[in-house]
Amino acid sequence: MRPPVAPPGWSRWLVPPAALAVHLSIGQAYAWSVFKPPLESALGLSGTQSALPFQLGIVMLGLSAAFGGTLVERNGPRWAMTVALVCFSSGFLLSSLGALTEQFWLIVFGYGFVGGIGLGIGYISPVSTLIKWFPDRPGMATGIAIMGFGGGALIASPWSAQMLESFPLGSGGIALAFAVHGVVYAVFMTLGVLLVRVPRPRAPQGEGAEGKAVAAASGPQVSAKQAIRTPQFWCLWVVLTMNVTAGIGILEKAAPMITDFFADSSAPVSASAAAGFVALLSAANMAGRIGWSSTSDLIGRKNIYRVYLGVGALMYLLIVLWGDASKPLFVLCALVILSFYGGGFATVPAYLKDLFGTYQVGAIHGRLLTAWSTAGVLGPLIVNWVADSQESAGKHGAGLYGLSLMIMIGLLVVGFVANELVRPVHTRHHVVPAPREPADDTDAAAHDDPRQSA
């Protein structure tokens, strides 16, 4: 399947909206908590059970991105966005059937397994295309798209909540809400499928934006199969894991954390204020994805990760030392940490492009996202396990989190060291891509030895 090639005069600024159409849709995953209370009430589920569809969805996101990355590179962005559309929307429709028949396993299978595949393929589908259109500003380009994943919940949360309030109570209303989600997201994602294009091959260097893009694309070109054999890939894997673990540790327990920190103060935090704090964190997550990734185009990818990891560790230290004494300080530090969390996601595709080129950057990015799956388990596990153990020891308030926050500082230091170890990829890993069609891992293997390259 050949990806659609842009006709002469096609504006590259039409590609980010196509990516946003997909990412704003699949970003609904961060709003799953809206469905938890009605599902628990209608189907008699525990909190742990109602979290299963989301947890499986995140696991499948990492796995499908890792194993489907090469197919995305081979078949192009339109194919990938179509697969994401079909899987993500079908997941909602299967969940609707599960709610209607009160078969929770079908909701887990639909939203978690099928929809999770749509999450992973949809997440990486526009990345390599955007980088090929904007190699002169890759951080900004991928930041615009990945910002949509962070911002999708800001749209989905109130929309889903209003829908659940308007529809009949019980499993029938939930089923109807799931069905509406599936249909609306299918229509919205179709806009991205129809709009996306890949740049024309061999544009003359120096002629307009496309020519400049081609000139900027020169550099190392490494296959996905070869990339995972390099220390640079695994250093970045550690960097992303540590950065995401630190951010998701606050995100997952944001409301109870700020409540506990100021439980003994003269002005405790109300439930509505805690919910407002969560909304602020979501906004910081979204803003960091475009703001910090665009900054990386100016100061470099390695330097921006020094900021994420080094300043992030400092923010955690300030919370440990003085966070329970000042609400503005606690909120400010948490917002900075969550902006780094979002920025880390948005900047890493550009970092990969700098190191490995545009040849199979989508497939490499997919493999790297296994770090997200790891951090998604590690971060909440650390914060919740430490808080439970501290509570058992008789501690309360801010004392529940001191140890876990110190662990986060240690993890960020590990990530900082891993980032310092990143060096340019040795030329022995470089390949020569086929002139017109994206190569897959099988094709790339034939080129792994530079002496065999034409």
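Here is what the cut-offs are and how they apply
- Residues numbered from 1 in each chain as written.
- Predicted model: local features only at pLDDT ≥ 70, side-chain atom pairs only at ≥ 80, totals over all residues.
- Heavy atoms only, no water.
- Helix = DSSP H or I, 4+ residues; strand = E, 2+ residues; numbered from the N terminus.
- Rg over C-alpha atoms; globule rule 2.2 N^0.38 Å.
- Contact = heavy atoms within 4.5 Å.
- Areas by Shrake-Rupley, 256 points an atom, 1.4 Å probe, with all protein chains shown as cover.
- Lys, Arg positive; Asp, Glu negative; His and termini not counted.
- Charge placed at Lys NZ, Arg CZ, Asp CG, Glu CD.
- Salt bridge = Lys/Arg side-chain N within 4 Å of Asp/Glu carboxyl O.
- Buried < 20%, exposed > 50% of the residue type's maximum accessible area, 1.4 Å probe, protein only.
- Phe/Tyr/Trp six-rings, centres within 6.5 Å; stacked < 30°, edge-to-face > 60°.
- Lys NZ or Arg CZ within 6 Å of the ring centre and 35° of its normal.
- Axes fitted to C-alpha atoms, helices over the stretch in contact; angles between N-to-C directions.
- Parallel < 35°, antiparallel > 145°, perpendicular 65-115°, else oblique.
- Left-handed = near helix turned anticlockwise from the far one by under 90°.
- Nonpolar A, V, L, I, M, F, W, Y, C, P; charged D, E, K, R; others polar.

Draft legend 1. Region of the structure containing the overall build of the protein. A tally of helices and strands in the protein yields 20 helices and 0 strands. Taken over C-alpha atoms, the radius of gyration comes to 22 Å for the protein, in line with the 22 Å a tight globule of 454 residues would show. Pairs at least 24 residues apart make up 82% of the contacts formed inside the protein by residues separated by at least 6 positions. For the protein, the exposed area adds up to about 17,700 Å²; of that, 68% sits on carbon and sulfur atoms. For the protein, the distance from the average site of its 26 positive side-chain charges to the average site of its 22 negative ones is 10 Å.

Draft legend 2. View of the pattern of salt bridges. One pass over the full model with this rule turns up 6 salt bridges. A salt bridge links Lys-36 to Glu-40; its shortest N-O distance comes to 3.8 Å. Note that Lys-36 and Glu-40 are positioned in helix H2 (residues 36-43) at a spacing of 4 residues, about one turn of the helix. Using a relative accessible area of 24% as the deciding quantity, one classes Glu-40 as partly exposed. Between Lys-132 and Glu-73 there is a salt bridge, and its shortest N-O distance comes to 3.9 Å. Highlighted residues: Lys-132 in helix H7 (residues 127-133) and Glu-73 in helix H4 (residues 52-75), separated in sequence by 59 residues. Its relative accessible area of 29% is what places Lys-132 among the partly exposed residues. Among the ionic contacts, a cluster of salt bridges with common partners joins Asp-297, Arg-301 and Asp-354.

Draft legend 3. Focus on the packing of aromatic side chains. A full pass over the atoms with the stated rule returns 28 aromatic pairs. For the ring pair Trp-32 and Phe-178, a centre distance of 6.3 Å and an interplane angle of 10° mean the geometry is stacked. With Trp-32 in the loop between helix H1 (15-26) and H2 and Phe-178 in helix H9 (residues 171-195), this pair connects stretches of sequence that are 146 residues apart. Ring geometry for Phe-92 versus Phe-178: centroids 6.1 Å apart, planes at 45°, classification tilted. Residue Phe-92 is located in helix H5 (residues 77-101), and its partner Phe-178 is located in helix H9; the two are separated by 86 residues in the primary sequence. For Phe-178, a relative accessible area of 0% gives the class buried. Cluster of aromatic residues (ring-pair linked, three or more members): Trp-32, Phe-35, Phe-88, Phe-92, Tyr-111, Trp-159, Phe-178 and Tyr-185. One residue, Arg-197, lies across the ring of Trp-10, its end atom 4.8 Å from the ring centre. The side chain of Lys-327 reaches across the aromatic face of Phe-262, ending 5.8 Å from its centre.

Draft legend 4. Expanded view of the packing of H5 against helix H6 (residues 104-124). One can describe the packing of H5 onto H6 by two numbers: an axis separation of 7 Å at closest approach and a directional angle of 165°. One finds that H5 runs roughly antiparallel with respect to H6. The element H5 and its partner H6 pack so that their crossing is left-handed. By residue class, the composition of the contact of H5 with H6 is 17 nonpolar, 8 polar and no charged.

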